[in-house]
Amino acid sequence: MQSRMTLGCGAGVRAAPRGAERARGGARAVVRARRAMARVVKTFAAEHELDAMYMGGRAERDEQTLTLEIGTSRVTLARGKIGLQANGAVMATEGETMVYSTACASRDCTGDGSFVPLTVNYAERFSAAGRTSGGYKKRDGGLRENETLKARLVDRPIRPMMYKGWGYETQILQWVMSYDGTRSTDALAITAASAALAVSDIPLKKPVVGVRVGLAPGSNEPIINPTAEQMKTSRLDLVLAGTDEAVLMIEGFCDFLTTDEMLLAIEKGHEAVAKACKEIDVWAAAVGKPKMMEKLIVAPDGIDEEVEALVGEDLTKAIVIPIKQERGAAIGGIRERAVAALSEKYKSSDVINACGKIESRALRDAIRTNGRRQDGRTTSMIRPIACEAGLLPRTHGSSLFTRGETQAIGVATLGGKGDAQRQDDVEAGEDKRFMLHYFFPPSSVGETGRTGGASRREVGHGNLAERALNPVLPSEADFPFVTRLESTITESNGSSSMATVCAGTLALLDAGVPIKRKVAGIAMGLILGSEASGGGDKLDPIVLTDILGSEDALGDMDFKVAGDKDGITAFQMDIKVEGITIDVMRTALQEAQTGLVHILGEMEKCNPAPAGAMSKYAPQVGSIPVAEKYFGKVIGKGGETIRSIIEQTKVDSIDVDKETQIVTVTGGAGSDVGAALEYIKNLIAEPEIGKIYRDCVVKKVVEFGAFVEYMPGQEGLCHISELDVARVPNASDVVTEGQTIDVKLVEVNSRGQTRLSRKEVLLEENPELAAAAAASRSDGDSSDDSSESREGGGRGGRGGGGRGGGGRGGGGRGGGGR
């Protein structure tokens, strides 16, 4: 501050003129400078007086940290330094990757306690990886699919740990602020979100931790939190989240792992989760805020008993009506009657919540007591299945898959390399050659609602089905097409995402995609014994095969499995309560694989069967290896060569991959992919001496011959003497510009000049013409000898007679002739 004040004083001094005026000016300047300094001193003092009175937050904060050793990684959680105005804020660090997570609750209660009003928003900043988005918009903030998928991963294990009765809008916001590329951020985001809630005053039953589990080739030992490099060759990609006592969520994709391999990965993953959860629990108790337990909504005393007495028996009967629409209408009518009867005493939301408890208990009791479900099936039965391929005539491949009241239309579309999905995220993954888009219109459940952009549910279900099918797709070398699947759900009553896997398999086969093996999908449910009426914890859990929508909503587990009889390609499990053991999971997986075998058997009965061949409306794709030194030739100046090939052959696109050094040509109906490939082949071919080149274009005719393009972009001179077998007076008598001729490459000299011959081709391909030419040459030689003899004799005679006996001919110079 002292130096600043000194500078301020010096800034007020000006150079004065000479003499008295300079002296007077200097004095005035000094006075002004002193006044300026006084003002600075007064302001400085006033600021320090304000500091002493300031009662706001401190600029320097005390940070509390916790370091967790999770598998092969070290995670540090920090709070107290950043984001103190949020209910809870944590900066989670793993290596040089940092995820900032906040948890906030609204001040006013907006819910009724029946559903947790939780929202998770996850965002990746490109600046975290030192990059800027490659898209048109450079500002971060537009929601990308990978961000939606990670937000769902965070939401699913945390939601069951929120207390029932919490009615305040709760929002978890997460930003990837720094990214080192070593590991993916999804498992870290789960841990960060849970930690932010744990240190906040928002009620949370227990902390949750997320881990990723991999499995190296040839190894049976799972890797906890593997690096991105390790994941490139991993046979398993599993994200697991849970508490210190139970697994809450798993989502994984694998290359036909066995049940035992998958369960071992889950078991090892949960061991790491349990240890970290206990440490977070202790840390949050020490540094976190007291929980607002007093704000939980509690049902009014006696309401459950009154609703039970009023409509309990009717709801118990309605819950087992087999047809979904009829069941829904009946339950809706009973609820309305209960609300109307108790409207003066209780809020409608409280009455509806009480009805929901009765419905859940009735469903569980019916299954446990009668061994039958709402639609009359046993616990292990699968609904009737019907399959049809070739449903849509102008698509490349299509199918209709119906299982009970769940139905999906699958459509496969093939394309070239330019149709691949570009990955624009901080992890900078490769372009996707296979993508699956899932559509769930409100009409599929007999409702009205929003349509347009993909919802979170559509993105999540599509990703699950996509990754379930990915292991069976052929390699790019075997099938160079980009493949896009669409699944439109036309009816839904249980596991439309697994119906999508089945419909997708059939549509791929109908499009002629040579998949490695067929896969199907199934959803499993669970009824825990502790939730059944009067059963307590002694009753065994019941696993349900091919669950309905109501069994998903009222049950305790939704476990989706895709694969075949030999292994699993994808699985996703959401558990609503703690208590699911590894043994229960093993039972669910074993019954799921039994179900998959049955579904695949039904898919074999598909009628009409998949075409198994490419549609006439599908594009053609061809490729050719091209060395890097020829890229310039193929592309041309400003892309002119590629444009020319596209224009001539009517293909859709020509893609040059500089990494693989492969050029791919894609064309639809009416295009000539073969001609385009042949053009490129000739373009990069090295000239061969002695080779005949067909249909070469005469580019220019000159006095001494013609310049001919014998290979794309390469010209040579066909000399006038090489244009025809007979003598050619003028080159234009034989060829004209634009004409096509066949030529042989005769020579390439040291200067790169090329000599071509049309005459050689004519002689080689026309034996009669060659023989005639040879005879002509022979006659010409004889004629020359005779004329010389005649000339010698004549001169000799002339010599003898004129110049004496010798002359030039005989005696003297004449006898020997010339």
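Residues numbered from 1 in each chain as written. Predicted model: local features only at pLDDT ≥ 70, side-chain atom pairs only at ≥ 80, totals over all residues. Heavy atoms only, no water.

**Side note on the overall build of the protein**
Test applied: For the purposes of this entry, the term helix denotes a DSSP run of H or I that reaches at least four residues, the term strand denotes a run of E that reaches at least two, and both are numbered from the N terminus. Relative accessibility thresholds used throughout: buried, under 20% of the residue-type maximum; exposed, over 50%; partly exposed, between the two (1.4 Å probe, protein chains only). Computed with a 1.4 Å probe, the accessible areas rest on the Shrake-Rupley method; for each residue, only the protein chains presented here act as cover.
Each helix and strand counted, the protein has 18 helices and 27 strands in total. Here the protein holds 818 residues, and the buried ones make up 46% of them. Just so you have it, the protein exposes about 40100 Å², and 50% of that area is on carbon and sulfur atoms.

**So, the sheet that holds strand S20 (residues 620–625)**
Hydrogen bonds between backbone atoms are what pair the strands of a sheet, whose relative direction is either parallel or antiparallel. Stated formally: By this definition, two strands are paired if DSSP reports at least two bridges between them. Structural elements are reduced to axes, namely lines fitted to C-alpha atoms, with helices fitted over the stretch in contact, and the angle between N-to-C directions of any two is expressed from 0 to 180 degrees.
Strand order across the open sheet formed by 3 strands is S20-S22-S21, with antiparallel pairing between neighbours. Only two strands of the sheet have a single partner each, and these edge strands are S20 and strand S21 (653–657). Adjacent strand axes in the sheet meet at a mean angle of 15 degrees when their direction is disregarded. Bridge count between S20 and strand S22 (residues 662–667): 6 bridges; the pairing is antiparallel. Bridge pairing in S22 places glycine 622 opposite valine 665.

**Focus on the nonpolar core**
Put simply, the rule reads: Think of a nonpolar core as a cluster: buried Ala, Val, Leu, Ile, Met, Phe, Trp, Tyr and Cys residues, connected wherever their side-chain atoms sit within 4.5 Å. A contact between two residues is defined here by any heavy atoms of the two lying within 4.5 Å.
Core analysis: the largest hydrophobic core is formed by 135 residues, its most contacted members being Leu77 and Phe559. With sequence-adjacent residues up to four places away left out, leucine 77 is seen in contact with Gln64, Thr65, Leu66, Leu68, Val90, Met91, Ala92, Thr191, Ala195, Ile280 and Trp283. Counting 24 residues, the second-largest nonpolar core is a separate cluster that includes Val307, Leu315, Ile542 and Leu544.

**Quick word on the packing of aromatic side chains**
Aromatic ring pairs: the centre-centre distance and the angle between the two ring planes describe each pair. Spelled out, the test is: Centres within 6.5 Å make a pair out of two Phe, Tyr or Trp rings, where for Trp the six-membered ring is used; the pair is then stacked when the planes are under 30 degrees apart, edge-to-face when over 60, and tilted otherwise. For a Lys NZ or an Arg CZ to count as sitting over a ring, it must be within 6 Å of the ring centre and within 35 degrees of the ring normal.
The tally for this structure, following the rule as stated, stands at 6 aromatic pairs. Aromatic pair phenylalanine 479 and phenylalanine 481: ring centres 4.8 Å apart, planes at 40 degrees, arrangement tilted. Residue classification places phenylalanine 479 among the buried residues on the basis of a relative accessible area of 6%. For phenylalanine 481, a relative accessible area of 6% gives the class buried. Here the basic side chain of arginine 394 rests over the ring of tyrosine 617, its NZ or CZ set 3.9 Å away from the ring centre.

**Some points on the sheet that holds strand S24 (residues 705–711)**
Spatial strand order, S23-S24-S25-S27-S26: 5 strands in a closed barrel with mixed pairing. Across the sheet, the mean angle separating the axes of adjacent strands is 55 degrees when strand polarity is ignored. Bridging between strand S26 (residues 740–748) and strand S27 (residues 754–757) involves 4 bridges; their strand directions are antiparallel. Bridging from a neighbouring strand, lysine 744 pairs with serine 757 of S27. On the sheet, helix H17 (residues 758–765) packs against strand S23 (692–702), strand S25 (714–719), S26 and S27 and is oriented at approximately 105 degrees with respect to S26.

**A few points about the packing of helix H15 (residues 640–649) against helix H16 (residues 673–684)**
Operational definition: Two helices that cross are described as forming a left-handed crossing if the nearer one is turned anticlockwise from the farther one by less than a right angle, and a right-handed crossing if clockwise. Each residue gets one label: Ala, Val, Leu, Ile, Met, Phe, Trp, Tyr, Cys and Pro are nonpolar, Asp, Glu, Lys and Arg are charged, and the others, such as Gly, are polar.
Interaxial distance between H15 and H16 falls to 9 Å at its minimum, and their mutual angle equals 145 degrees. Our pair here, H15 against H16, has a crossing hand that is right-handed. From H15, Thr641, Ile645, Gln648 and Thr649 reach across to H16, where they touch Ala675, Ala676, Tyr679, Ile680 and Leu683. Here the residues of the contact of H15 with H16 sort into 6 nonpolar, 3 polar and no charged.

**What about the environment of isoleucine 352?**
Residue position: isoleucine 352 is located in helix H9 (residues 348–370). On the basis of relative accessibility, which here comes to 35%, the residue isoleucine 352 falls in the partly exposed class. Sequence separation between isoleucine 352 and glutamate 336 is 16 residues, and the spatial gap between their C-alpha atoms is 8.6 Å. Excluding its chain neighbours within four sequence positions, the residues that come into contact with isoleucine 352 are Arg335 and Val339.

**Quick look at unusual backbone geometry**
Along the chain, asparagine 607 connects to proline 608 via a cis peptide bond; the corresponding omega equals 0 degrees. Despite not being glycine, lysine 650 has its phi angle at roughly 65 degrees, a positive value. Assignment of secondary structure puts lysine 650 in the loop between H15 and S21. On the accessibility criterion, lysine 650 (56% relative accessible area) is exposed.

**A word on the pairing of S23**
The pairing of S23 with S26 spans 4 bridges and is antiparallel. If you follow cysteine 696 over to S26, its bridge partner there is isoleucine 741. Bridge count between S23 and S24: 5 bridges; the pairing is antiparallel. When the bridges of S24 are listed, valine 701 appears paired with alanine 706.

**Topic: helix H7 (residues 303–318)**
Cut-off, in case you're wondering: What is called the bend at a residue is the angle between a pair of axes, fitted to the seven residues leading up to and ending at it and to the seven starting from it.
Taken as a whole, H7 carries its principal kink of about 65 degrees at valine 311. Here H7 has its buried residues at Ile303, Val307, Val311, Gly312, Leu315 and Ala318. Buried residues along H7 sit in contact with helix H8 (324–341) and H9.

**A look at the pattern of salt bridges**
We apply this condition: A carboxyl oxygen of Asp or Glu within 4 Å of a side-chain nitrogen of Lys or Arg is what we treat as a salt bridge.
Applying the stated criterion to the full structure yields 43 salt bridges. Two residues, aspartate 546 and arginine 403, come together in a salt bridge whose shortest N-O distance is 3.3 Å. Of this pair, aspartate 546 sits in the loop between strand S17 (542–545) and helix H12 (549–554) while arginine 403 sits in strand S12 (residues 397–403), and the two are 143 residues apart along the sequence. Of the two residues, aspartate 546 and arginine 403, both sit in the buried class. If you follow the salt bridges from partner to partner, you end up with Asp375, Arg377, Arg383, Arg403 and Asp546 in one network.

**Quick word on the packing of helix H6 (residues 259–287) against helix H13 (residues 582–604)**
For any two helices packed against each other, the geometry comes down to the angle between their axes and how far apart the axes lie. To keep things clear, this is the line we draw: In what follows, roughly perpendicular refers to angles from 65 to 115 degrees, roughly parallel to angles under 35, roughly antiparallel to angles over 145, and oblique to any angle outside these ranges.
Where H6 contacts H13, the axes come no closer than 11 Å and their chain directions differ by 150 degrees. With respect to their mutual orientation, H6 and H13 come out roughly antiparallel. Taken as a pair, H6 and H13 cross one another with a handedness that is right-handed. Contacts between H6 and H13 involve Thr259, Asp260, Met262, Leu263, Ile266 and Glu267 on the former and, on the latter, Ile582, Met585, Arg586, Leu589 and Gln593. The residue makeup of the contact of H6 with H13, split by class, is 6 nonpolar, 2 polar and 3 charged.

**Structural notes on the side chain of threonine 185**
As a reminder, the rule being used: For the purposes of these results, a polar contact is taken to be a pair of N or O atoms within 3.5 Å, where, inside protein, one atom must be able to donate a hydrogen and its partner to accept one; residues adjacent in sequence count only when each atom of the pair is a side-chain atom.
In this fold, threonine 185 is placed in the loop between strand S6 (168–178) and helix H4 (186–198). Given a relative accessible area of 1%, threonine 185 falls into the buried group. Here lysine 150 takes part through its side chain, which lies 3.2 Å from a polar atom of the side chain of threonine 185. Excluding residues that lie within four positions of it along the chain, threonine 185 makes contacts with Thr97, Tyr122, Glu124, Lys150, Val176, Tyr179 and Glu427.

**Quick look at the confidence of the model for the protein**
For clarity, the threshold we go by: pLDDT is a per-residue confidence score from the predictor, ranging from 0 to 100.
In this model, the protein carries an average pLDDT of 86, and 88% of its residues clear a pLDDT of 70 or more. Note on residues 1–16: pLDDT under 50 across the span, and 13 contacts to partners over four residues away in sequence or across chains. Every residue in residues 785–818 scores below 50 in pLDDT, and together they form 40 contacts with partners more than four places removed in sequence or on other chains.

**Re the side chain of serine 495**
One can find serine 495 in the loop between strand S15 (482–491) and helix H11 (496–510). Serine 495 gets classed as buried once you look at its relative accessible area, which sits at 12%. If sequence neighbours within four positions are ignored, serine 495 has contacts with Arg403, Thr406, Ala523 and Lys560.

**Focus on the pairing of S6**
To keep things clear, this is the line we draw: Every crossover in which the path from the first strand over the helix to the second runs clockwise, viewed with the strands pointing away from the viewer, is termed right-handed.
Bridge analysis of strand S4 (residues 97–109) against S6 gives 9 bridges, and the strand direction is antiparallel. Considered in S6, the bridge of cysteine 109 is made with tyrosine 168. Summarising the sheet, strand S5 (residues 118–124) and S6 pair through 7 bridges and their orientation is parallel. Bridge assignment links threonine 119 to a residue of S6, and that residue is glutamine 171. One crossover worth recording links S5 to the parallel S6 by way of helix H3 (residues 145–158), and it is left-handed.

**Looking at the environment of isoleucine 280**
Structurally, isoleucine 280 is set in helix H6. C-alpha separation for the pair isoleucine 280 and valine 208, spaced 72 residues apart in sequence, amounts to 8.8 Å.

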